[in-house]
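Summary of structural features
Chain by chain, the residues run as shown.
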Number of protein chains: 2
Amino acid sequence: MPVEWAGSGPGLLVTIDRGGGAGLRTQLEEQLRTAIRAGRLAANEPLPSSRELARALGLSRGLVQDCYAQLQAEGYLTSRPGSATRVAAGVVSPHEGPAPEKSSAERVRHPVADFQHGVPDLGLAPREEWAWAVQKTLRTAPNAAFDYGEAVGVRALREVLASYLGRVRAVAAGPDDLIVCAGMQQALGLVVGALAAAGVRSLAFEDPGSGANVTDLTAAAGIAAVPVTVDESGLDVGALARSGAGAVFVTPAHQWPTGVVLTGPRRQALIAWSRATGGVIVEDDYDAEFRYDRDPVGSLQGLAPDCVISLGTVSKSLAPALRLGWIVAPPRLHPALARGKWRADRGSPGLDQLALAALLESGRYDRHLRRVRAEYAARRETLIAALHRHAPRLAVTGLAAGFHAILHLPPGTDDAAAVERAVIEAAAARGVGLYGMAKMHAQAVPPKPRLIVGFGNTSRSAIEAGIEAIADLLNPPLRRG
Amino acid sequence: MPVEWAGSGPGLLVTIDRGGGAGLRTQLEEQLRTAIRAGRLAANEPLPSSRELARALGLSRGLVQDCYAQLQAEGYLTSRPGSATRVAAGVVSPHEGPAPEKSSAERVRHPVADFQHGVPDLGLAPREEWAWAVQKTLRTAPNAAFDYGEAVGVRALREVLASYLGRVRAVAAGPDDLIVCAGMQQALGLVVGALAAAGVRSLAFEDPGSGANVTDLTAAAGIAAVPVTVDESGLDVGALARSGAGAVFVTPAHQWPTGVVLTGPRRQALIAWSRATGGVIVEDDYDAEFRYDRDPVGSLQGLAPDCVISLGTVSKSLAPALRLGWIVAPPRLHPALARGKWRADRGSPGLDQLALAALLESGRYDRHLRRVRAEYAARRETLIAALHRHAPRLAVTGLAAGFHAILHLPPGTDDAAAVERAVIEAAAARGVGLYGMAKMHAQAVPPKPRLIVGFGNTSRSAIEAGIEAIADLLNPPLRRG
């Protein structure tokens, strides 16, 4: 007969089953771990004392103490003398399924600083603004807004989005060129499907880049994926032409992960390639709204709307949990994408779309972006200053935009992947989470050891403390004369 | 140079472009039609007078009057002497992409009554309850709730959903058996993909039924779709066994569209088929929460959790625009479905999931269901009474659950599809929207002429008026002795 303990709000229920297969401590540990990962136990929330919980569940106090100690050791809980045991801050739910950019080993907690990438500061998510927008939608939307909408997205959103993208990203598109979708993953999946339907047999991707993710989707669609090198000017268009690919997936505004911005001449060359071969350019504009040193570079799409599919998302600007993104497509590819979206899910949630339209239209989206851009700019400055102070000889690149930098490690005697691994492991032992670039390369052994240092979801004090703690691992050795 | 008129709130903008290809009246008509369909001009909203609008846009007043008259003729606008021209009530946004159950001809307005099916009453959508749930989520969710969540769905929702489905639908499942997804379309797509990956080569579907939709998805996945007859006890399990299919898509609680409930012996036979052949049963539990004559029949899944994938959605109970549904799957099929969901979109929107969890947990979901079920029960009674009064000799079936009935038309001398068409056309001429069952059949000529009469989104007064207006079309002729 299971014994239950329901504490800390309605979301948490611990159930201990004495007839079950797993041991009692394992059951308790598992459930607390899951509750913390899933956010049902929030950061800094106090847990009941071991005595209370033991009594509630009919367990021995020693067992509960052991369980708390274990979860403390794993970084899920914190405890200070004379204070309740609390949930540690910053435990993030693990992503399910293939997540090529993070191994499970990298997901363990890093108490000093975690330079994870790909996630904005979740504490900056616009809770009040979103609440306002949803309220407004529910108060004013016509009944028809509760029906299945158009699969390509609610017209009102497509209209304000087209005008927003025109203004901010120099995208040349009207509402009929847009397809609203569930973030970048679905956008890319729909594009791969439409390219396959259009007879494209191979899709090139940037190397280093999101190859693993692209390959997963192209394999499912039965088309080939070919890596094309990125250098300090961005994608090597000559190599692209030689690859014979019928389409290419690029990140021109801020190459993922090198952070290189595709140069003007390369943009021209890429469009010339498209015009000459009929090749389709798929532009991932994932974090282009965050440019620090100058105005953001306009989208490629604006230069050549007939050649480019442009993909965007609110995952970086608002929050990944909203699962809203968009595709801007040339008319010849739009119908296949619209059919794909209908087949996938008949359209993204209409009320969320109307709420996003209200945010954009009211100016709240812009205001939110200005606010968070200022915060990210300050973190970027903190990172630059900390690196300058603690690791002055380290080469740093990719900081023009977005939420991450590339640190170029001293080569060492082992291969590049091994050098990255050694630094990551040594940093982890000091409580600092670092992430290598080896996995972003198509070949097994990357040319150079590099780290991707995310600062989107890392506080300024953690950035400072983290870099200080690992500076000696990063600094190239002084050459002896 | 385009001239713009922004009226009726921020959502509506009419742009007249004198340099454009389309004529001025066409431009104005198109934009008003689209705005009404998309709900940007809400039902009963007054339009500016033709004089005002003509002045704002620099058009002649006659042109605006003609445009209003045209849209009135098409049913988009209404006008009474001495009153402003207003937006007609009940214009529903057309669904994009393949919508096999409705031809575009059937989408024209029916001023007396529209017996469309598949849509609940959008006026009953729980605006306040959803607003409450979203507010609560935004106020209380931890920061991690704004991140990418688990692809299979937010754990808190899977927990309350598993317990809800156990209580209400006798589903035997824990949170780890569930996958939250974007409504029935995505659920079926993911299932077809997982079945294909598991080596299933052919999927049986009910005839009549959702064959067109199933076939669209199976074709994309490269597996065959085979029709299996439905009789008055539900799916013909003997015919299923003879078909050699490796899986079957069924609607046991309320067969779509006949309304037949799969009998107890047939349920046993279906499970025996699954156990004997390893065939997978895919149960679509789409409107099972609406049963009127007795307690709802429990899900098939609860009888045989190892054989059955069960699919559900809030499209009928709350609103299609929420795009939330779920899959309950046996452990052997769960990983492929989870991978498919990750690949499709990395998970449904986390905040919406938490809001649904809050609705379920607070009892508001149950209270809403009780309220709308009472309303639908009253409409069903109105329909039964109206048919009894105006068409007493007509055979009516399928009324045990859900939002639609089947009317069995007198055979006539033409084939069944032609008989249906004739009645539908005659009714349309009287302002009543009817929908035939011919398209739900796998073969070109269905065995019998039948109508699917939806009452989910049709008011009681419209039901009464609509049936009265067309009764003579439905009544079988009195046999002369």
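The following paragraphs examine the structure supplied in this document. (Residues numbered from 1 in each chain as written. Chains lettered and ligands numbered in written order. Predicted model: local features only at pLDDT ≥ 70, side-chain atom pairs only at ≥ 80, totals over all residues. Heavy atoms only, no water.)

As for its placement among the helices and strands, leucine 360 of chain A is situated in helix H12 (residues 350-362). Along the backbone, leucine 360 of chain A and alanine 422 of chain A are 62 residues apart, and their C-alpha atoms lie at a distance of 45 Å. (Helix = DSSP H or I, 4+ residues; strand = E, 2+ residues; numbered from the N terminus.)

Okay, the pairing of strand E11 (residues 280-284) of chain A next. All names here are of chain A. Among the 5 residues of E11, 5 are classified as buried, and the element is accordingly described as predominantly covered. Judged by which residues are buried, E11 turns out to be covered on both faces: Val280, Val282 and Asp284 on one side and Ile281 and Glu283 on the other are all buried. Bridge count for E11 against strand E12 (residues 308-313) is 4 bridges, and the pairing is parallel. Bridge pairing in E12 links isoleucine 281 to valine 308. (Buried < 20%, exposed > 50% of the residue type's maximum accessible area, 1.4 Å probe, protein only. Pairing = 2+ DSSP bridges.)

The subject of this paragraph is the environment of alanine 438 of chain B. Residue and element names in this part refer to chain B. Checked against the element boundaries, alanine 438 lands in the loop between strand E16 (432-433) and strand E17 (450-454). For alanine 438, a relative accessible area of 16% gives the class buried. A sequence separation of 20 residues divides alanine 438 from alanine 418, and the C-alpha atoms of the two residues are 9.1 Å apart. Once residues within four sequence positions are removed from consideration, alanine 438 is found in contact with Ala417, Glu420 and Pro446. (Contact = heavy atoms within 4.5 Å.)

This part covers unusual backbone geometry. Here the bond from tryptophan 256 of chain A into proline 257 of chain A is cis, since omega is 5°, no more than 30 degrees from zero. Within the secondary structure layout, proline 257 of chain A lies in the loop between strand E10 (247-250) and helix H9 (264-277). Omega for the bond connecting aspartate 207 of chain B with proline 208 of chain B falls within 30 degrees of zero, at 5°, which places this linkage in the cis form. Turning to its location among the elements, proline 208 of chain B is positioned in the loop between strand E7 (202-207) and helix H7 (211-221).

Residues and elements named next belong to chain A. Under the definition given, this model contains 34 salt bridges over all chains. One salt bridge connects arginine 379 with aspartate 121, and the closest N-O pair in it is separated by 2.5 Å. Here arginine 379, found in helix H13 (residues 364-390), pairs with aspartate 121, found in the loop between strand E5 (113-114) and helix H4 (127-140); they are 258 residues apart in sequence, far enough to count as distant. In this structure aspartate 121 comes out as buried when scored by relative accessible area, which is 14%. Arginine 155 is the partner of aspartate 176 in a salt bridge, and the nearest nitrogen-oxygen pair spans 2.6 Å. Taken together, the residues span a long stretch of sequence, with aspartate 176 in the loop between helix H5 (155-169) and strand E6 (178-181) and arginine 155 in helix H5 at a distance of 21 residues. Its relative accessible area of 47% is what places aspartate 176 among the partly exposed residues. A cluster of three or more residues bridged by salt bridges with shared partners is formed by Glu150, Arg155, Arg158, Glu159 and Asp176. (Salt bridge = Lys/Arg side-chain N within 4 Å of Asp/Glu carboxyl O.)

Here we take up the nonpolar core. General note: in soluble globular proteins, nonpolar side chains tend to be found buried as a group. Formed by 132 residues in total, the largest nonpolar core has its most connected members in Trp130, Leu434 and Leu474 of chain A together with Trp130, Leu434 and Leu474 of chain B. Contact partners of leucine 474 of chain A, with chain neighbours within four places excluded, come to Leu387, Ala391, Leu394, Leu407, Leu409, Pro410, Val423 and Leu451 of chain A. (Core = buried A, V, L, I, M, F, W, Y, C linked by side-chain atoms within 4.5 Å.)

A word on the packing of helix H5 (residues 155-169) of chain B against helix H12 (residues 350-362) of chain B. All names here are of chain B. Two elements in contact, H5 and H12, have axes separated by 8 Å at closest approach and are oriented at 35°. Where H5 crosses over H12, the two elements pack in a sense that is left-handed. Facing Ala156, Leu157, Val160, Leu161 and Tyr164 of H5, the residues of H12 in contact are Gln353, Leu354, Leu356, Ala357, Leu360 and Glu361. Here the residues of the contact of H5 with H12 sort into 9 nonpolar, 1 polar and 1 charged. (Axes fitted to C-alpha atoms, helices over the stretch in contact; angles between N-to-C directions. Left-handed = near helix turned anticlockwise from the far one by under 90°. Nonpolar A, V, L, I, M, F, W, Y, C, P; charged D, E, K, R; others polar.)

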